[in-house]
Amino acid sequence: MLKEIAGGVCAAKGFTASGIHCGVKAGSSPDKNDLAMILSERECSAAAVYTLNRVKAAPIYVTMGNLEDGVCRGIIANSGNANACAPLSHENAEQMCALVAKATGLKSNDFVVASTGVIGQELNISAIEKGMPALVSGLNSDGSDSAARAVMTTDTVKKETAVSVTIGGKTVTIGAIAKGSGMIHPNMGTMLCFITTDCAITHEVLQDALHDIVPRTFNRVTVDGDTSTNDMCVVLANGMAGNEQIEWKDDSYTLFYKALRQVCETMARAIAADGEGASRLVTCTVRSARSEESAERLAKAVVGSSLVKAALFGADANWGRVLCAMGYSKAPFRPEYVDIGFSSLQGSILVCEKGTGLDFDEELAKKILTQDEVVIDVSLNEGEHEATCWGCDLTYEYVKINGDYRT
């Protein structure tokens, strides 16, 4: 049985974290943390998934190299600068690893390195070097909060979660922090997610689990149709829970998989809900489809539609825009079989049946669509598969945020 607990990335045994302000971005507030670290007492099995953008930031390549052996000890990350397509980007990513290695007495390739922020500007590595002693000395078992805040950019809230599950008679814990608000689109967007667990599990099985879960969680989120250069999702597993090591996809694996998927889904929903300028989370579930793939494609098209997003900002039950988005998704379905409804904490309402509009209570629809989370329910009435994707509404604030993001 899964249980939600506190502690974020420090909830799992053997992990500490820290976050400080070191001044990565000139003129940034001293109250804004911009350098984060997570460290395990023991060597970890490690797995990672990266952005599919052809343009990848230097930290992605350095991390790929460091994780070739499937093991890791910690994570070093900064906000305020993406260290992408910038002078000395590769050298500075490697230098971040070297600095944290020197401060901890470990090796450079023991660390994942990540950056987020403005693209194209040289990273202020001297600020990171000056801040490293304070960052390392600040490592503690309550440090998840400060680390989560250190990777925020345009995020308005920190993103943190943890769960526990019993595997083989042992309590296994999985915790995470994430950042993500804009440049979010399926196949990962400007998001970083760092996950820790004390589960004993091999690198190969951990990698399989992550590769299966990411497409069903983070890759089903869209905020604005842009896919970033810096995204990664990393899991570190140090085995300190004491469970028998998971080496096969057996019952223990199934329990771990479900817990990891819940953590990733929680973070995915949090990223969608905190989309730049967003006023509500938009969830679209497509049911009774011919395949999970077609259901996913349809749901992505709906939550990614600027017209659907704008209608939901205005609490307008414009179901025609939903059907229109489905129509250009290139997924197979029969429009004449489609039912569409909207639901929230205020109730539910059917607005389209068998591809045709219904008379419905506009006042009730308005109440439903003004809630913090709105669900678009689509039934294709053709099969047994389903998929859920997450997005947000499109507001005036999105343009304000991105009109002067660099300056």
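Everything here concerns the structure above.
We now turn to the structure provided with this report. (Residues numbered from 1 in each chain as written. Predicted model: local features only at pLDDT ≥ 70, side-chain atom pairs only at ≥ 80, totals over all residues. Heavy atoms only, no water.)

1. A word on the overall build of the protein
Right, on to step 1. Scanning the protein for helices and strands turns up eleven helices and 15 strands.
Right, on to step 2. The C-alpha radius of gyration of the protein comes to 22 Å, within 12% of the 22 Å expected for a compact globule of 407 residues.
Right, on to step 3. Dimensions of the protein along its principal axes, counting C-alpha atoms only, are 70 × 55 × 35 Å.
Right, on to step 4. For the protein, with 407 residues in total, the buried portion stands at 56%.
Right, on to step 5. In the protein, the share of contacts with a sequence separation of at least 24, taken over all contacts with a separation of at least 6, comes to 79%.
Right, on to step 6. Counting every atom, the protein has about 16600 Å² of accessible surface; 49% of that belongs to carbon and sulfur.
Right, on to step 7. Each charge sign in the protein was given a centre, from 36 positive and 50 negative side chains, and these centres are 1 Å apart. (Helix = DSSP H or I, 4+ residues; strand = E, 2+ residues; numbered from the N terminus. Rg over C-alpha atoms; globule rule 2.2 N^0.38 Å. Buried < 20%, exposed > 50% of the residue type's maximum accessible area, 1.4 Å probe, protein only. Contact = heavy atoms within 4.5 Å. Areas by Shrake-Rupley, 256 points an atom, 1.4 Å probe, with all protein chains shown as cover. Lys, Arg positive; Asp, Glu negative; His and termini not counted. Charge placed at Lys NZ, Arg CZ, Asp CG, Glu CD.)

2. Let's talk about the pairing of strand S7 (residues 170-180)
Right, on to step 1. The element S7 is extensively covered by neighbouring structure, given that nine of its eleven residues are classed as buried.
Right, on to step 2. Both strand S6 (residues 159-167) and S7 contribute to a ladder of nine bridges, which runs antiparallel. Bridging across to S7, Ile-167 finds its partner in Lys-170.
Right, on to step 3. Where S7 and strand S8 (residues 191-197) come together, seven bridges link them in antiparallel fashion. Bridge pairing in S8 links Lys-179 to Leu-192. (Pairing = 2+ DSSP bridges.)

3. Description of helix H3 (residues 125-137)
Right, on to step 1. End to end, H3 covers 19 Å across 13 residues, agreeing with the expected 18 Å (1.5 Å per residue, within 8%).
Right, on to step 2. Along H3, the sharpest kink reaches roughly 45 degrees, centred on Gly-131 and followed within four residues by the proline Pro-133.
Right, on to step 3. Within the sequence span of H3, burial applies to Ile-125, Ala-127, Ile-128, Gly-131, Met-132, Leu-135 and Val-136. (Expected span 1.5 Å × (residues − 1). Bend = angle between axes of the 7 residues up to and from the residue.)

4. Concerning the environment of Gly-8
Right, on to step 1. Examined against the element boundaries, Gly-8 turns out to sit in the loop between strand S1 (3-4) and strand S2 (15-20).
Right, on to step 2. Here Gly-8 falls in the buried class, since its relative accessible area comes to 2%.
Right, on to step 3. C-alpha of Gly-8 to C-alpha of Ala-310: the two residues are 302 residues apart in sequence and 34 Å apart in space.
Right, on to step 4. Other than its neighbours up to four places away in sequence, Gly-8 contacts Ser-144, Glu-160, Thr-161, Ala-162, Gly-175 and Ala-176.

5. So, the sheet that holds strand S15 (residues 385-392)
Right, on to step 1. Taken in spatial order, the six strands line up as S13-S12-S11-S14-S10-S15 in an open sheet, and their pairing is mixed. What marks the edges here is a single partner per strand, and that holds for strand S13 (356-357) and S15.
Right, on to step 2. Taken strand by strand, helix H8 (residues 306-313) contacts strand S10 (281-289), strand S11 (339-344), strand S14 (373-379) and S15, and its axis lies near 130 degrees from that of S14. (Axes fitted to C-alpha atoms, helices over the stretch in contact; angles between N-to-C directions.)

6. Quick notes on the pattern of salt bridges
Right, on to step 1. Within the structure shown, the criterion is met by 17 salt bridges.
Right, on to step 2. When the shortest N-O distance is used, the salt bridge between Arg-216 and Asp-212 registers 3.0 Å.
Right, on to step 3. You can call Arg-216 partly exposed: its relative accessible area is 23%.
Right, on to step 4. Of the charged contacts, one joins Glu-296 and Lys-300 as a salt bridge, the two residues approaching to 2.8 Å between their closest N and O atoms. Pair noted here: Glu-296 and Lys-300 are both in helix H7 (residues 292-304), with a separation of four residues, about one helical turn.
Right, on to step 5. Take Glu-296: its relative accessible area is 17%, and that puts it in the buried class.
Right, on to step 6. What emerges from the salt-bridge pattern is a single network uniting Asp-212, Arg-216, Arg-220, Glu-292, Glu-296 and Lys-300. (Salt bridge = Lys/Arg side-chain N within 4 Å of Asp/Glu carboxyl O.)

7. As for the packing of helix H5 (residues 203-213) against helix H6 (residues 251-273)
Right, on to step 1. Packing of H5 against H6 brings their axes to within 10 Å, and their N-to-C directions diverge by 45 degrees. As far as their axial angle goes, H6 and H5 are oblique. At the point where H5 passes H6, the crossing takes the right-handed sense. Of H6, the residues touching H5 (which contributes Val-205, Leu-206, Asp-208, Ala-209, Asp-212 and Ile-213) are Tyr-253, Phe-256, Tyr-257, Leu-260, Arg-261 and Cys-264.
Right, on to step 2. Across the contact of H5 with H6, the residue classes break down as nine nonpolar, no polar and three charged. (Parallel < 35°, antiparallel > 145°, perpendicular 65-115°, else oblique. Left-handed = near helix turned anticlockwise from the far one by under 90°. Nonpolar A, V, L, I, M, F, W, Y, C, P; charged D, E, K, R; others polar.)

8. Remarks on the nonpolar core
Proteins that are soluble and globular tend to have nonpolar side chains buried together.
Right, on to step 1. Ranked by internal contacts, the top residues of the largest apolar core, which has 40 residues, are Cys-193, Ile-195, Phe-218, Phe-256 and Leu-260.
Right, on to step 2. Within the residue set of this core, elements represented by two or more residues are strand S3 (35-50), S6, S7, S8, H5, strand S9 (232-237) and H6.
Right, on to step 3. Among the elements that line this core, the one with the most residues is H6, at eleven residues.
Right, on to step 4. In this view, Phe-218 contacts Met-191, Cys-193, Cys-233, Cys-264, Met-267, Ala-268 and Ile-271; residues no more than four positions away in its chain are not counted.
Right, on to step 5. Ranked by size, the runner-up nonpolar core spans 36 residues in total, among them Leu-298, Phe-360, Ile-368 and Val-378. (Core = buried A, V, L, I, M, F, W, Y, C linked by side-chain atoms within 4.5 Å.)

9. A look at a negative patch on the surface
Right, on to step 1. Taken together, the side chains of Glu-244, Glu-247, Asp-250 and Asp-251 define an acidic patch exposed on the protein surface.
Right, on to step 2. Position of Asp-250 relative to the elements: it lies in the loop between S9 and H6.
Right, on to step 3. Given the relative accessible area of 35%, Asp-250 is considered partly exposed. (Patch = residues over 30% accessible without salt bridge, like charges linked within 9 Å, V, L, I, M, F, W, Y side chains within 5 Å.)

10. What to know about the environment of Leu-67
Right, on to step 1. The residue Leu-67 is located in the loop between helix H1 (58-66) and strand S4 (71-78) in this model.
Right, on to step 2. For the pair formed by Leu-67 and Arg-334, sequence separation is 267 residues and the distance between their alpha carbons is 46 Å.
Right, on to step 3. With sequence-adjacent residues up to four places away left out, Leu-67 is seen in contact with Ala-46, Ala-48, Tyr-50, Cys-72 and Val-112.

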